[in-house]
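Chains, contacts and geometry: an overview
The primary structure of each chain is shown beneath.
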Amino acid sequence: MSPLSRLLRTAGRCRPAFAVAVAAVLALAGLAGAPATAAPVHPLDAGSAAAPSGTVISAYKQVTASSYEGGNAPAAALDGRTDTRWSSEFSDDQWLQVDLGGPANISGLVLNWEAAYATGYHIDVSDDGTTWSTIHTTTAGKGGVEQLDITGKGRYVRFTGTARATGYGYSLWEFQVYGTVDDSAATPPLLSGPTKAPATTGQFELTAPADHALVTDTRRPKLSWAAVSGTAHYEVWLNVSRTDYDFTAAGNLLDLYTKVAETTGTDYTPSWDISDRWTYRWFVVAVSGSGQQTTSKIRTFGVYLPDVEQVDDGVSIVDGARDLDKNGSVEPYENWRLPVDTRVNDLLGRMTPQEKAYQMFYNVQSYPMSGWHFGPAQPADLHDVLLSTAATRLGIPPVSAGDTTAGYQTTYPLQSTLAAGKDYPLDYQLGDMQRREELEVGARGTLSPLAEVGTKVLYPRIQEGGGENADVAAAQLRALVAGLQGGPELNPSSVLATVKHWPGEGAGGEAGIVYDGVTIKYHMIPFRAAMEAGAVNIMPGYAGSSYLDPGGPGAGDSAKILAYLRDNLGYTGLITTDWLPSSAWINAANAGSDVMGGADPGSADFSMADFEAQVPQARIDDAVRRILTLKFELGVFEHPYGDPVNGAYRFHQPSYVALANKAARESDTLLKNDGVLPVKLSSGDNIVVTGDRATDGAACCIWSSYFHPNYGSLDMLDAIKARAAQAGVNVYQDTGPSPKLAVVNVGEPSYTHATAWPNTQPQLPADQRALIQQFKDQGIPVVVVLTLPRPIVISDWNGLADAIVVTYRGGEEVGPATAGLLFGDYTPHGHLPWQLPASMDQILKSGGSDTQADANESWDLPYDLGASDAERAEIRAKIDAGQPVPTGYGKPLYPYGAGLTDWN
């Protein structure tokens, strides 16, 4: 393991802020989260050769090659970067093959050579990757940038080098195929919006597939039903996964259907490939000539046709399945054609008590029988961990999950920031982006999102939750969970979402939750929404609840708190503790927790034998049944690995960066503007950019999210410089000649559990406030760009600022997004996700500490800063009645939802 990998792994194990500090340092140094050869993105330098017209259809696609040398992986030739390259071994013949993802019409090809080019090569196409047709051949390759005016059809394109111009291998900066791809085979027809089933069903029978059948032989199963007399046509409705759900609406997303066909017959075969999922629900509506509708029963089927993975891990393929126990035959748990329950029962029956217990623990790196890996790790390190588990007696794969709370590699804004934007389809896309990046390298879980409503101003982790409005947090949870899992249930293309921190630490913090029988209803809203979106893993927090378990322990080892989750909310999924000390693991398991979060079975003061002796076997079996069910549903028994060689070159795709930029733009909040924005200076005018956050790229992010200068991320100073240059405006750091405007970047640096500033002093430090005052005293208009991870008091300087832009924790694109806002590239959109207090006495008694006795706000109520007793009673009554709570209570400096949407 390299020193860098060791440092990253050490940082990953650290839940406190040390992890953030290490990650930020590495990211700023350009060392974390990118291929070793990564460099800033540049357009293709085509020299004198013009690129073909049309669209590049090969970018970031799956790729294989005959060989590669050094760190110059095949995918480096498809990443749009002209300083990363594929380089083959030093022999002939060598080839590079791209899967375009569907049948393609090819209109041209560009080879951008490094010095080691080919004089002889041919280009071939194929529909199936087996039978090839040559569409171009030459023995006179010139190197440089070769534009090939060639056409052809096929899903696969292969370059084969037959003669090298040098003694080295073949080396391509970029391999670009132009044309169009037909993706209809993977695209279901959407003939309606997502809709609930009719109120009356069961009026005629469906015949095939059988109810609850698992289809394992086709992605286009024939659907059939009984004829209904007098029918003019039939409508076929299926609960396909979509990106356009109404995430603000309550209800299970699995119960939303799309009309996918109309037919006059009594059967329908899909025209597209149905993806792997366990719960496809469907019904048919018979429509008469007069429009009368009759609705069938609703039935369920699943589809599973895995790409069974074969790597050099000692596991053979027998009858199309991985022989995980290496006995030469396919046991029921290895047979992917069988129902999940059957496989779970078989595997449980084969496991020893020790093998079962290890499934409840992390640190598979050191204990390959363990069920879990704490990430994120570098791709090669993760792959080594996954390989090690194949050698265990039963070959049970682990799941790797880490604190990737705002994206795996491409970092998007934190949830509180997204709550300022309220773009839930975008939230879905961000979750889906994270899913795609994790799948590239075999990471299959994340310790996010948070289902917490931030009603306590002094809760440090309010930055991670969904703001103060429970309905906004709920919509966000539905979108993020569905995006991470690739639909409304866990499936073989999912990343496992871990919803936290049960039972809602936003009402009190990690020390203790203070809601009661009324206000708990408010804080349960996003947890219920997460379950409706298909969440099957929930993490209890450190805090106990005086309401659910008076005087009891923290949630992870409180039987009463966990029983409320299962009995009152009907939750049946996995429960994974937060990072508890080893002394609590036995109690946590006995209380009902299934996985000991981050727990190392090798801890000096822990004995696995004691764990097995003190936790009843029935409780262990119950936990392990959930763990194995989840793993079978994720498909990791068939496909346990990612692509450690090529996967990292598919991070940070331009479309991903565009999503992060859009999220930052929509969240940036213009609190006030006295006519200085947008910036309308003349060419040659000067701006000063200053403040602690001006060059603090890491302030965009927390936990295992990163600022990526090696991928083009810009801090505030550099982003404003770049945008100002377009207008001919000069930007100086800290001081400059005759500035017409000062942009003062202030706010709190990155932190995790504990705030960077004293928790009970939520206001700008004196030096940051003085910087605003300094420019105001000089008569220079001041724009304050405020990094705001939590509500703070700004009354002492609010009047000094001519404009205030709030950026929260805006992700890696917050710099360019904010610079664009300053110069008027788009109109402001974001709104405060919390109230901002008018004064400290709205939060705490004078000289008070972070205790409920010293609090002047109600930690469990929204919108109550400066509220009267009568207002608080009204808020409670609304919550108790299940009604939306109006946001205008109290007397904050800026109310919840504040934010200009124009420049006035």
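See the structure printed just above.
Report follows, based on the coordinates. Since this is a predicted model, take the numbers as computed values, not measurements.

About the cut-offs
Residues numbered from 1 in each chain as written. Predicted model: local features only at pLDDT ≥ 70, side-chain atom pairs only at ≥ 80, totals over all residues. Heavy atoms only, no water. Helix = DSSP H or I, 4+ residues; strand = E, 2+ residues; numbered from the N terminus. Expected span 1.5 Å × (residues − 1). Buried < 20%, exposed > 50% of the residue type's maximum accessible area, 1.4 Å probe, protein only. Contact = heavy atoms within 4.5 Å. Core = buried A, V, L, I, M, F, W, Y, C linked by side-chain atoms within 4.5 Å. Phe/Tyr/Trp six-rings, centres within 6.5 Å; stacked < 30°, edge-to-face > 60°. Lys NZ or Arg CZ within 6 Å of the ring centre and 35° of its normal. Pairing = 2+ DSSP bridges. Axes fitted to C-alpha atoms, helices over the stretch in contact; angles between N-to-C directions.

1. Looking at helix α14 (residues 654–667)
For α14, spanning 14 residues, the distance from its first C-alpha to its last is 20 Å, which sits close to the expected 20 Å at 1.5 Å a residue. Buried residues of α14: Tyr656, Leu659, Ala660, Asn661, Ala663, Ala664, Glu666 and Ser667, and no others. Contact partners of the buried residues in α14: α6 (415–421), α7 (424–441), β28 (669–673), β33 (803–806) and α18 (814–822).

2. Examining the nonpolar core
One finds Leu347, Met360, Phe361, Trp372, Phe611 and Leu628 to be the most contacted residues of the largest nonpolar core, which totals 62 residues. Among the secondary structure elements, those contributing two or more residues to this core are α3 (340–350), α4 (353–358), β21 (372–375), α5 (379–389), β22 (399–402), α11 (585–591), α12 (608–614) and α13 (617–634). In terms of residue count, the dominant contributor to this core is α13 (eight residues). Leu628 has contacts with Val344, Leu347, Leu348, Met351, Gln359 and Ile396, leaving out every residue within four places of it along the chain. Listed in part, the 51 residues of the second largest apolar core include Ala470, Val499, Leu565 and Ile575.

3. Section: the packing of aromatic side chains
By the definition in use, this model includes 29 aromatic pairs. Both rings, one in Trp113 and one in Phe159, keep their centres 5.7 Å apart while their planes meet at 65°; by these two values the pair is edge-to-face. Of the two residues, Trp113 is situated in strand β4 (residues 94–113) and Phe159 in strand β8 (residues 152–164); the sequence distance between them amounts to 46 residues. Looking at Trp113, the relative accessible area reads 4%, which means it is buried. Take Phe159: its relative accessible area is 0%, and that puts it in the buried class. Ring geometry for Phe632 and Phe637: centres 4.0 Å apart, planes at 15°, overall stacked. For Phe632, a relative accessible area of 0% translates into the label buried. On the basis of relative accessibility, which here comes to 1%, the residue Phe637 falls in the buried class. Feature note: the residues Trp86, Trp113, Tyr121, Phe159 and Tyr170 constitute an aromatic cluster, connected by ring pairs. The side chain of Arg665 reaches across the aromatic face of Tyr826, ending 5.8 Å from its centre.

4. Section: the sheet that holds strand β31 (residues 741–747)
Spatial strand order, β28-β33-β32-β31-β29-β30: six strands in an open sheet with mixed pairing. Across the chains shown, the open sheet's two edge strands, defined by having one partner strand only, are β28 and β30 (730–733). Strand after strand, the sheet turns through a mean of 20° between neighbouring axes, direction not considered. Alignment of β31 against strand β32 (residues 782–787), held across six bridges, turns out to be parallel. Its bridge partner being in β32, Val743 is matched across the sheet by Val783. This element, helix α16 (residues 766–777), spans β29 (686–690), β31 and β32 of the sheet and lies at about 170° to β31.

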